[in-house]
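Take a look at the letters that make up each chain.
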Amino acid sequence: MKKYIALALMVTGTAALAHGGVKDPHVMHRMMGMSELAKQMKLIGAMAKGVMPFDADAARAALLNISREASEIPALFETAATDPKSEALPVIWDEFDSFTSRASELESLTRGLAGTVTSEADLRPVMQQLGKACGACHSDFRE
Ligand code: HEC
């Protein structure tokens, strides 16, 4: 439990740092959405590594939270807002369809995965697929 609290503090601490000094409210909102994705993923990762006790309901809830948050990505990025602290590449708004399709892939992937989690061993493939889905968008659309 102590470890879990330390991890939670670490995650929120990192998020606060990443957002520090962001002035544009659209950029701030989309960064907060991304941090929420990372928070849910860290929780699943902590269970996959045994740092946190396995809890199927909590893992499923985290996946469904990711799915819901992913469904908000298109709206969060609709405005082509910029900020000196932003890592978003301008190509997002040139290829918005392709960008939003990465978001809907993450949305449907996590909704589907939520139904597959019954044991700790299921979390390793979940983490791999999650990592791929986040990376598929970051590699093209984030600095
Ligand atoms: C559809 C594209 C897309 C998907 C899918 C996506 N991201 Fe992102 N992510 C971005 C973009 C673009 C940025 C840069 C935003 C900015 O700096 O304005 C970003 C930034 C981030 C950040 C930094 C936020 C900050 O405070 O600066 C984190 C953390 C992050 N993403 C985590 C994730 C995780 C975890 C997943 C998967 C569960 C994920 N992302 C899926 C596009 C995506």
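Residues numbered from 1 in each chain as written. Predicted model: local features only at pLDDT ≥ 70, side-chain atom pairs only at ≥ 80, totals over all residues. Heavy atoms only, no water.

The name recorded for the chain in an unreviewed UniProt entry is Cytochrome C, from Pseudooceanicola lipolyticus.

### Here's the deal with the site of the ligand
As a matter of local geometry, the ligand sits amid 23 residues, with Met34, Glu87, Cys134, Cys137 and His138 nearest to it. Contact between the ligand and Ser86: an oxygen atom at 2.7 Å from a side-chain N or O atom of the residue. Looking at the shell around the ligand residue by residue, the classes come out as 15 nonpolar, four polar and four charged. (Near = heavy atom within 4 Å. Polar contact = N/O pair within 3.5 Å; in protein donor to acceptor, adjacent residues only side chain to side chain. Nonpolar A, V, L, I, M, F, W, Y, C, P; charged D, E, K, R; others polar.)

### Examining the environment of Arg142
Here Arg142 shows up in the segment after helix H7 (123-141). We classify Arg142 as partly exposed; its relative accessible area is 38%. For the pair formed by Arg142 and Ala88, sequence separation is 54 residues and the distance between their alpha carbons is 4.8 Å. A polar contact of 2.9 Å, which involves the side chain of Arg142, links it to the side chain of Glu87. (Helix = DSSP H or I, 4+ residues; strand = E, 2+ residues; numbered from the N terminus. Buried < 20%, exposed > 50% of the residue type's maximum accessible area, 1.4 Å probe, protein only.)

### Looking at the coordination of the iron atom of the ligand
Bound to the iron atom of the ligand are the protein donor atoms Met34 (SD) and His138 (NE2), situated 2.1 to 2.3 Å from the metal. Around the iron atom of the ligand sit six donor atoms; with metal-centred angles ranging over 87 to 179 degrees, the donor geometry is octahedral. Placement of the pair is Met34 in helix H2 (residues 25-48) and His138 in helix H7, with a sequence separation of 104 residues. Note on Met34: relative accessible area 28%, which makes it partly exposed. Its relative accessible area of 30% is what places His138 among the partly exposed residues. (Donors = N, O, S within 2.8 Å, 3.2 Å for Na, K, Ca; no water. Tetrahedral: all angles 85-135°; square planar, octahedral: opposite > 155°, others 65-115°.)

### Notes on the UniProt feature "binding site: heme c" (unreviewed entry) in the chain
Residues annotated by UniProt as "binding site: heme c" (unreviewed entry) correspond here to Cys134, Cys137 and His138. Tracing the backbone through its elements, the reader meets Cys137 in helix H7. For Cys137, a relative accessible area of 15% puts it in the buried group. If we skip the residues at most four places from it in the chain, Cys137 touches Phe99, Arg102 and Arg142. (UniProt positions renumbered as here; feature names shortened; annotations may be inferred. Contact = heavy atoms within 4.5 Å.)

### What to know about helix H6 (residues 96-114)
With 19 residues, H6 ought to run about 27 Å at 1.5 Å a step, and its terminal C-alpha atoms sit 27 Å apart, in line with that. Among the residues making up H6, those that are buried are Phe99, Thr100, Arg102, Ala103, Leu106, Thr110, Leu113 and Ala114. For H6, the angular spread of the buried residues around the axis is 155 degrees, confining them to a single face. Where the residues of H6 are buried, they touch H2, helix H3 (56-71), helix H4 (73-76), helix H5 (91-94) and H7. (Expected span 1.5 Å × (residues − 1). Arc of directions from axis to C-beta.)

### Re the packing of aromatic side chains
Summed over the entire model, instances satisfying the criterion amount to three aromatic pairs. When the centroid spacing of 5.9 Å and the interplanar angle of 25 degrees are considered together, the rings of Phe96 and Phe99 count as stacked. Of this pair, Phe96 and Phe99 are both found in helix H6, three residues apart, which corresponds to roughly one turn of the helix. Note on Phe96: relative accessible area 23%, which makes it partly exposed. For the ring pair Phe99 and Phe141, a centre distance of 5.2 Å and an interplane angle of 85 degrees mean the geometry is edge-to-face. With Phe99 in helix H6 and Phe141 in helix H7, the pair connects residues that are 42 residues apart, well separated along the chain. (Phe/Tyr/Trp six-rings, centres within 6.5 Å; stacked < 30°, edge-to-face > 60°.)

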